[in-house]
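A look at the structure
Here's the letter readout for the chains.
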Amino acid sequence: MFEQIFENVRQKSPLVHNITNYVTVNDCANMLLACGGSPIMADDPEDAVEITSICGGLNINIGTLNQRSIPTMFAAGKRANQLGHPVVLDPVGAGASKLRTDTALGLLEQVKFAVIRGNISEIKTLAQGSGTTKGVDADVADQVTEDNLDEAVLFARELARRLGTVIAITGAIDIVTDGERAFCIRNGHSMMASITGTGCQLSALTAAFVTANPDHPLEAAAAAVCAMGLCGEIAHRRLTDLDGNASYRNYIIDAMYRLTPAKLEEGANYEER
Amino acid sequence: MFEQIFENVRQKSPLVHNITNYVTVNDCANMLLACGGSPIMADDPEDAVEITSICGGLNINIGTLNQRSIPTMFAAGKRANQLGHPVVLDPVGAGASKLRTDTALGLLEQVKFAVIRGNISEIKTLAQGSGTTKGVDADVADQVTEDNLDEAVLFARELARRLGTVIAITGAIDIVTDGERAFCIRNGHSMMASITGTGCQLSALTAAFVTANPDHPLEAAAAAVCAMGLCGEIAHRRLTDLDGNASYRNYIIDAMYRLTPAKLEEGANYEER
Amino acid sequence: MFEQIFENVRQKSPLVHNITNYVTVNDCANMLLACGGSPIMADDPEDAVEITSICGGLNINIGTLNQRSIPTMFAAGKRANQLGHPVVLDPVGAGASKLRTDTALGLLEQVKFAVIRGNISEIKTLAQGSGTTKGVDADVADQVTEDNLDEAVLFARELARRLGTVIAITGAIDIVTDGERAFCIRNGHSMMASITGTGCQLSALTAAFVTANPDHPLEAAAAAVCAMGLCGEIAHRRLTDLDGNASYRNYIIDAMYRLTPAKLEEGANYEER
């Protein structure tokens, strides 16, 4: 299944509009190109609605949100909904500030998302309407482990059902669910947390996968999560003892560029619960 | 000729003011340093006019343009004109939205450009006053090939004459013309399209080359296009079967850092039509 | 001493809020992760004060400052002061424009800084209230050499005493002083000037070091300067004859990721004057 999903990305080359933060935007663009998609960025209200219209999908990432980009997120999100384009939300830092929490919650009310991807603390904030995110990383107390996995799956499934979207909670173990089926994914490497923006890149990637597979948002999101983690594994094997997080960043994008649909199918490490 | 032009860049170390997008801005800065120039970025209206004044050249790139940066582009462009500094325009995504098209056309009316560098779809938009650019990449229907090259050269030459500027249309085959002479350049590698911002980097590079060679904007722009393409070739030969677009991005900038004027002269692959 | 300081960074993993420019922001984030810290970026006035509150330290960098980010710098700086968080100032381009100079001087009046890190031209601008910075690089006429080192140390010491802060002037020879003790540091490599943002990265790094060692801002800043320079040396030894400034950029961050407290102690090259 994942083989065909990735094949569709390579063949359709989905054009994805990203309203995203300026910290990791370049890596998001190169990741989109690496997977076979095509990126465009626009965050001025006057520009973004039109840009969304010529794209196939939209990726909204609230890191470094501001008074100019926030209304753009709402306007572009609504326009994408009108056009039937899949929209992905990355609620970066939801729970870390009122502005981020309120923006994420407001977007949930006014925009229909195909997939919401975040760490467990961010997703808990969306579920509860408030949170205690430690910056842009998951709170240690929140982390999904083998011990609390069933509980976390239950939480994700209920939230997905309530919001009518696919929820992707990523961390050491990833959970992707549409409220019915739930994928638990064990690809990836802990060193990915030492690179800024692997989460942002994954959200952009997810947007490309869902845009190229509009009828299968659950499987597309799960395939994107597996692909990102698998590239983290492949890239980690390539590290020499001089390499650190900067080279690792490049190697992960390189690995996505080289990844084939068959290798994704073979390397995807998941179970359904 | 190109040897001397590049030698001037290395010796004069032109300081280039860039008003550019936040997607590829870091790569533009490192590319400018790689060629021997020096970058500075400023896009607040209050800051930018003064920054332009202390620089030798100005590079205006309309990707991720916004309500704050647009008036800055006009103000800095006019100031650079008053000072006799060369100004380069990169009309990223002209044709993809009304705001981008209108901004590019407005800039053409109010600012005198030494060089305009874009893909064929963006340049056609400038010529026609409207367009159908697919995002930030050239429309397939527009692409310059060996079959339509003469026609494309004619188009570029007429536009250059009409606008009184050097036009650089880049793609598989590049065309650089001032309305009289026209260079057709065959340096480069198709994989460069898999990296975000090679066009933006080339525009920044062009600004450095033209700033260091103010009396020869045509040859300076052609030399910059050859240099960028040649670095794409050199970097491509360096790729291992683990490397992808992220490493390729680094290797191209590395190649520019290592490129000598003599090697540019030797590797430049062009004809005049 | 530096061994323990760096050990504290690795163990405490300080969360640093950065209000910084969009040119080098990604490298700053990866450098913070490389040293063991954790980065968060926020520059909207409504967002930033709250984000500062959940962090341990604040890094203010005025490159690409704008009408939105300037008030944020003041508000977040004051909030960090109230909370007793160390604040680092990087006065990028002070002296190059009135807006940059005035913003830096205004910040000095309203915010108490633990460390101010800049090149000699920027720091002279702060001392004199005006300057002639050539873009974002130090003016050649200003540069600190072995010949004028004593004079430069005297200048730095007086300024540190007057402003009640640690002053870090970085260049070929670095000076770090709190007005009493002064470290002269000879780590680093001249090729670091060919990479955009090594100064910005160092300021972010300094913020992490000072945040993890709040009672020793002088030694923490000096350790950060040594660490950055040492990584520049280690990374330079790794360069092949194909590598240029782009790979060098990655290798420096890689070297910080791999650097141990013991190796910093061993490789730090400084004297006190």
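Residues numbered from 1 in each chain as written. Chains lettered and ligands numbered in written order. Predicted model: local features only at pLDDT ≥ 70, side-chain atom pairs only at ≥ 80, totals over all residues. Heavy atoms only, no water.

**Some thoughts on the sheet that holds strand β2 (residues 38-41) of chain B**
Residue and element names in this part refer to chain B. One open sheet holds the nine strands; their spatial order is β2-β1-β3-β4-β5-β6-β7-β8-β9, and the pairing between them is mixed. The sheet terminates laterally at β2 and β9 (270-272), the two strands that pair on one side only. With strand direction ignored, the average angle separating the axes of adjacent strands in the sheet is 20°. In this structure, strand β5 (residues 115-118) lies alongside strand β6 (residues 166-169), joined through four bridges in parallel fashion. Among the inter-strand pairings, V115 is bridged to a residue of β6, identified as V166. Contacts between helix α2 (residues 25-35) and the sheet are confined to β1 (15-19) and β2, with β2 contributing the most and set at about 150° to the helix. Along the sheet face, helix α6 (residues 120-128) touches β4 (87-90), β5 and β6 and points at about 130° away from the line of β5. (Pairing = 2+ DSSP bridges. Helix = DSSP H or I, 4+ residues; strand = E, 2+ residues; numbered from the N terminus. Axes fitted to C-alpha atoms, helices over the stretch in contact; angles between N-to-C directions. Contact = heavy atoms within 4.5 Å.)

**Describing the relation of the copies chain B and chain A**
It takes a turn of 120° to lay chain B on chain A, together with a shift of 0.0 Å along the axis; the resulting RMSD is 0.0 Å. Taken together, the rotation and translation relating the two chain copies correspond to the operation of a three-fold axis. By C-alpha distance to the rotation axis, the residue of chain B lying nearest is Y22(B), at 3.6 Å. (Least-squares fit on C-alpha atoms with pLDDT ≥ 70 in both.)

**So, the interface of chain C and chain B**
Taken together, the 34 residues of chain C in the interface contact 32 residues of chain B. In this structure, the salt-bridge partner of R238(B) is D243(C), at a minimum N-O distance of 2.2 Å. Mapped onto the side of chain C that touches chain B, the elements with two or more residues apiece are α5 (98-110) and α10 (245-258) of chain C. A per-element tally of the side of chain C that touches chain B places α10(C) first, with five residues. (Salt bridge = Lys/Arg side-chain N within 4 Å of Asp/Glu carboxyl O.)

**A closer look at the sheet that holds strand β1 (residues 15-19) of chain A**
All names here are of chain A. One open sheet accounts for nine strands, arranged β2-β1-β3-β4-β5-β6-β7-β8-β9; its pairing is mixed. The sheet terminates laterally at β2 (38-41) and β9 (270-272), the two strands that pair on one side only. The sheet shows a mean angle of 20° between the axes of neighbouring strands, taken without regard to direction. Bridging between strand β3 (residues 57-61) and strand β4 (residues 87-90) involves four bridges; their strand directions are parallel. Along β4, the bridge assignment pairs L58 with V87.

**What about the packing of aromatic side chains?**
Under the defined criterion, the tally for this structure stands at 12 aromatic pairs over all chains. Ring geometry for F6(A) against F209(A): centres 5.4 Å apart, planes inclined by 15°, an arrangement best described as stacked. Of this pair, F6(A) sits in helix α1 (residues 2-12) while F209(A) sits in helix α8 (residues 198-212), and the two are 203 residues apart along the sequence. Just as F6(A) is buried, F209(A) falls in that class too. Put simply, the rings of F2(A), F183(A) and Y270(A) touch in pairs and so form one group of aromatic residues. The positively charged end of R238(B) is found above the aromatic ring belonging to Y251(B), 3.9 Å away from the centroid. (Phe/Tyr/Trp six-rings, centres within 6.5 Å; stacked < 30°, edge-to-face > 60°. Buried < 20%, exposed > 50% of the residue type's maximum accessible area, 1.4 Å probe, protein only. Lys NZ or Arg CZ within 6 Å of the ring centre and 35° of its normal.)

**Brief notes about the side chain of N119(B)**
Take N119(B): it is sitting in the loop between β5 and α6. Discounting residues that sit within four places of it in the chain, N119(B) has contacts with V136(B), D137(B), A138(B), I169(B) and T170(B).

**Some remarks on helix α10 (residues 245-258) of chain A**
Over its 14 residues, α10(A) extends 20 Å from the first C-alpha to the last, a length consistent with the 20 Å expected when each residue adds 1.5 Å. The complete set of buried residues in α10(A) reads N245(A), A246(A), S247(A), Y248(A), R249(A), N250(A), Y251(A), I252(A), I253(A), D254(A), A255(A) and M256(A). (Expected span 1.5 Å × (residues − 1).)

**What about the relation of the copies chain C and chain B?**
With an RMSD of 0.0 Å, the fit of chain C onto chain B corresponds to turning through 120° and sliding 0.0 Å along the axis. Comparing interface residues between copies, only 15% of those in chain C also sit at the interface in chain B, which points to a heterologous contact through distinct surfaces.

**With respect to helix α8 (residues 198-212) of chain B**
Helix length check: α8(B) (15 residues) gives 21 Å between terminal C-alpha atoms against 21 Å at 1.5 Å per residue, within 8%. Most of α8(B) is tucked away: 14 of the 15 residues are buried.

**A look at the nonpolar core**
In terms of nonpolar packing, the biggest core is built from 92 residues, with V176(C), L205(C), F209(C) and L264(C) touching the most fellow members. In terms of nonpolar packing, the next biggest core, distinct from the first, is built from 69 residues, V25(A), V166(A), C200(A) and F209(A) among them. (Core = buried A, V, L, I, M, F, W, Y, C linked by side-chain atoms within 4.5 Å.)

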